[in-house]
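Summary of the model geometry
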Amino acid sequence: MSISLDRRYADRLEEFSESHPFLIDLVMAAMLMACATLGSALTLPGADPPDQDNVGVALMGVSCLALLKHRAHPRTALVITALCTIVAVSLGYLVTPLLLAPVMGGLYWLSTQTDRNTTRVYGLTTIGATTLAAVFTDSMDHFSLLIRTIGPVFWLLLPLAAGKATQVRRAYLKSVQARAEHAERTREEEARLRVAEERMRIARDLHDVVAHHLALANAQAGTAAHLTRVDPEQAHRILTDLTATTSSALRELKATVGVLRQPDDPEAPLAPTPGLHQLSDLVAACESAGLTVTMTTEGPPGPLDPGVDLTAYRIVQEALTNVSKHADADAARIRLAYRESHLTITVTDDGGGTTAPPTSVFDNCRGFGLIGMRERAQSVGGALSAGHRPEGGFEVTTDLPLRPRPRIPQLEGGPTP
């Protein structure tokens, strides 16, 4: 408890010192001047004080005034303070911690503001010169050589050690603050990335749902209009299927947009996420629009991750939508090949047209269908290829892992992973 209180007070003192630096320096210089003045008046019992009493006070005053510039010129301030102290000791003033207070302050501030080499050079030079002055001064004749040497060395080493400890603590606090700011920036960037990815996912789902069902509805409505006079019963069945198509579109739109609801929304639960188990319904909807779809399966179906299952369904859905919209074909084939660790899906048609816009689907801004399929495959660690077949028609092939492998997001300006 006391340690936390001490740290709290120390932090407050540092904050006040940063906001009022000159006031703090003026108070510290006055305190050091008071200590040095008192130290210059001390003598050993029975010894006479130095004759130059006013000279000692003047020297201490000059040294304390020099310390006012320690923030901008720590080396110069220490040199002036050390010279004044050495002269005072040479004049016969008793070497005490009070007399050494100004040079101790200079050493402390030098240690907190400079690197180790500078502190070592200036600090050891000051300690050595002050110790030599204390050894040869007449005021220390009553003490042994060991005491005259150890005393100044000990007192002058203390501010150097304290200054380095303060410097290390400030560096540690700065690094902690930098890490906290970096973590905050990282969280914000990650949040923005997740929002962008979720926005892209919703956009892809909306595109898949709207494009597929509108294409089917358009094909069913056109077929029904054509058969109204020729085969009214068949036209009626197609119109019934059209109602089911629009209802399915509304359900999927509700499920897609439903992720934007608040958690406490009292509406009914959303419909289950689509998957390959609903391919039969998808094939039936396409056949009602006049497109014959053949589906084959190779290998024993393995368990799919829900994300991979949804991705596979959306890719097949978009591929069949492209066949209905762009290809001059009456039939399409779906092949599901299950392997040990991945699933390969191939959707082909024998049409004479093209399932893509006239230009490259990856370069044309209107061709979002194949772009969306490719992004879906990459989002679970898979790959997708699409193009015209040599024998005619169009083919979409995607290879998906049974378990998703998260794709590392590409940094702006960085290499593609």
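Right above here is the structure, for reference.
Notes on the structure follow.

Basis of the calculations
- Residues numbered from 1 in each chain as written.
- Predicted model: local features only at pLDDT ≥ 70, side-chain atom pairs only at ≥ 80, totals over all residues.
- Heavy atoms only, no water.
- Core = buried A, V, L, I, M, F, W, Y, C linked by side-chain atoms within 4.5 Å.
- Buried < 20%, exposed > 50% of the residue type's maximum accessible area, 1.4 Å probe, protein only.
- Helix = DSSP H or I, 4+ residues; strand = E, 2+ residues; numbered from the N terminus.
- Contact = heavy atoms within 4.5 Å.
- Pairing = 2+ DSSP bridges.
- Axes fitted to C-alpha atoms, helices over the stretch in contact; angles between N-to-C directions.
- Parallel < 35°, antiparallel > 145°, perpendicular 65-115°, else oblique.
- Nonpolar A, V, L, I, M, F, W, Y, C, P; charged D, E, K, R; others polar.
- Patch = residues over 30% accessible without salt bridge, like charges linked within 9 Å, V, L, I, M, F, W, Y side chains within 5 Å.
- Areas by Shrake-Rupley, 256 points an atom, 1.4 Å probe, with all protein chains shown as cover.
- Salt bridge = Lys/Arg side-chain N within 4 Å of Asp/Glu carboxyl O.
- Polar contact = N/O pair within 3.5 Å; in protein donor to acceptor, adjacent residues only side chain to side chain.
- Expected span 1.5 Å × (residues − 1).
- Phe/Tyr/Trp six-rings, centres within 6.5 Å; stacked < 30°, edge-to-face > 60°.

Regarding the nonpolar core
One finds Leu 320, Ile 334, Leu 343 and Ile 345 to be the most contacted residues of the largest nonpolar core, which totals 35 residues. Mapped by element, the contributors of at least two residues to this core are helix H9 (279–288), helix H10 (306–326), strand E2 (331–338), strand E3 (342–349), helix H11 (368–379) and strand E5 (394–401). With eight residues, the top contributor of residues to this core is H10. Contact partners of Leu 320, with chain neighbours within four places excluded, come to Leu 282, Cys 286, Leu 291, Val 293, Ala 332, Ile 334 and Val 347.

Digging into H9
For H9, the full list of buried residues reads Leu 279, Leu 282, Val 283, Ala 285, Cys 286 and Ser 288. Taken from the residues just after H9, Gly 290 is the one with a positive phi, measuring 100°.

Focus: the sheet that holds E2
If you trace the five strands from one edge of the open sheet to the other, you get E1-E2-E3-E5-E4, paired in mixed fashion. At either end of the open sheet lies a strand with only one pairing partner, and these are strand E1 (292–298) and strand E4 (383–388). The average undirected angle you get between the axes of adjacent strands in this sheet is 10°. Bridge count for E3 against E5 is eight bridges, and the pairing is antiparallel. Bridge pairing in E5 links Leu 343 to Leu 400. Across the face of the sheet, H9 comes into contact with E1 and E2 while running at roughly 155° to E1.

Thoughts on the environment of Ala 88
Turning to its location among the elements, Ala 88 is positioned in helix H4 (residues 74–90). The sequence separation of Ala 88 and Leu 100 amounts to twelve residues, and the corresponding C-alpha distance is 10.0 Å. Every residue in contact with Ala 88, bar those within four places of it in the chain, is listed here: Leu 59, Met 60 and Tyr 93.

Considering the packing of H9 against H10
Between H9 and H10, the shortest axis-to-axis distance is 11 Å and the interhelical angle comes to 10°. One way to sum up the angle between H9 and H10 is to call them roughly parallel. Between H9 and H10, the contacting residues are Leu 279, Leu 282 and Cys 286 on the first element and Tyr 313, Val 316, Gln 317 and Leu 320 on the second. A breakdown of the residues in the contact of H9 with H10 according to their chemical character gives six nonpolar, one polar and no charged.

As for a nonpolar patch on the surface
On the surface, Leu 146, Ile 147, Ile 150, Phe 154, Trp 155 and Leu 158 cluster together into a nonpolar patch covering about 580 Å² of accessible area. Given a relative accessible area of 47%, Ile 147 falls into the partly exposed group.

Digging into the side chain of Thr 118
Mapped onto the elements, Thr 118 comes out in helix H6 (residues 116–136). In this structure, Thr 118 is in contact with Arg 75, Leu 110 and Gly 123, ignoring residues within four places of it in sequence.

A word on the packing of helix H2 (residues 21–40) against helix H5 (residues 101–113)
At a minimum axis distance of 8 Å, the contact between H2 and H5 shows a crossing angle of 145°. Counted together, Met 28, Leu 32, Cys 35 and Ala 36 of H2 and Ala 101, Pro 102 and Trp 109 of H5 form the full contact between these two elements. The class makeup of the residues in the contact of H2 with H5 is seven nonpolar, no polar and no charged.

Describing the environment of Ser 90
Mapped onto the elements, Ser 90 comes out in helix H4. For the pair Ser 90 and Asp 138, spaced 48 residues apart in sequence, the C-alpha to C-alpha distance is 8.2 Å. At a separation of 2.8 Å, a polar atom in the side chain of Ser 90 contacts the main-chain carbonyl oxygen of Ile 86.

Here we look at H4
The end-to-end C-alpha distance of H4, which contains 17 residues, comes to 24 Å, matching closely the 24 Å that a straight helix rising 1.5 Å per residue would cover. Every buried residue of H4 is accounted for by Pro 74, Ala 77, Leu 78, Thr 81, Ala 82, Cys 84, Thr 85, Ile 86, Ala 88 and Val 89. Positioned one or two residues after H4, Gly 92 has a phi angle of 110°, which is positive.

Focus: the pattern of salt bridges
Any two side chains of opposite charge can pair, so long as their charged atoms come close to each other. One pass over the full model with this rule turns up eight salt bridges. With a shortest N-O distance of 2.8 Å, Arg 71 and Asp 25 are connected by a salt bridge. Placement of the pair is Arg 71 in the loop between helix H3 (53–66) and H4 and Asp 25 in helix H2, with a sequence separation of 46 residues. The partly exposed category is assigned to Arg 71, whose relative accessible area is 39%. Judged by relative accessible area, Asp 25 falls into the buried class, the value being 6%. In this structure, the salt-bridge partner of Asp 350 is Arg 389, at a minimum N-O distance of 2.8 Å. Here Asp 350, found in the loop between E3 and H11, pairs with Arg 389, found in the loop between E4 and E5; they are 39 residues apart in sequence, far enough to count as distant. Salt bridges sharing common partners tie together Arg 333, Asp 350, Arg 389 and Glu 391.

Observations regarding the side chain of Arg 389
A relative accessible area of 16% means that Arg 389 is categorised as buried. Here Glu 391 takes part through its side chain, which lies 2.6 Å from a polar atom of the side chain of Arg 389. If we skip the residues at most four places from it in the chain, Arg 389 touches Arg 333, Thr 348, Asp 349, Asp 350, Phe 394 and Glu 395.

Quick look at the packing of aromatic side chains
Summed over all chains, the structure comprises one aromatic pair. With a centroid separation of 5.4 Å and an interplanar angle of 75°, the aromatic rings of Phe 154 and Trp 155 are classed as edge-to-face. Among the residues examined, Phe 154 registers a relative accessible area of 46% and is labelled partly exposed.

Don't take any of this as a statement about function, it's just geometry.
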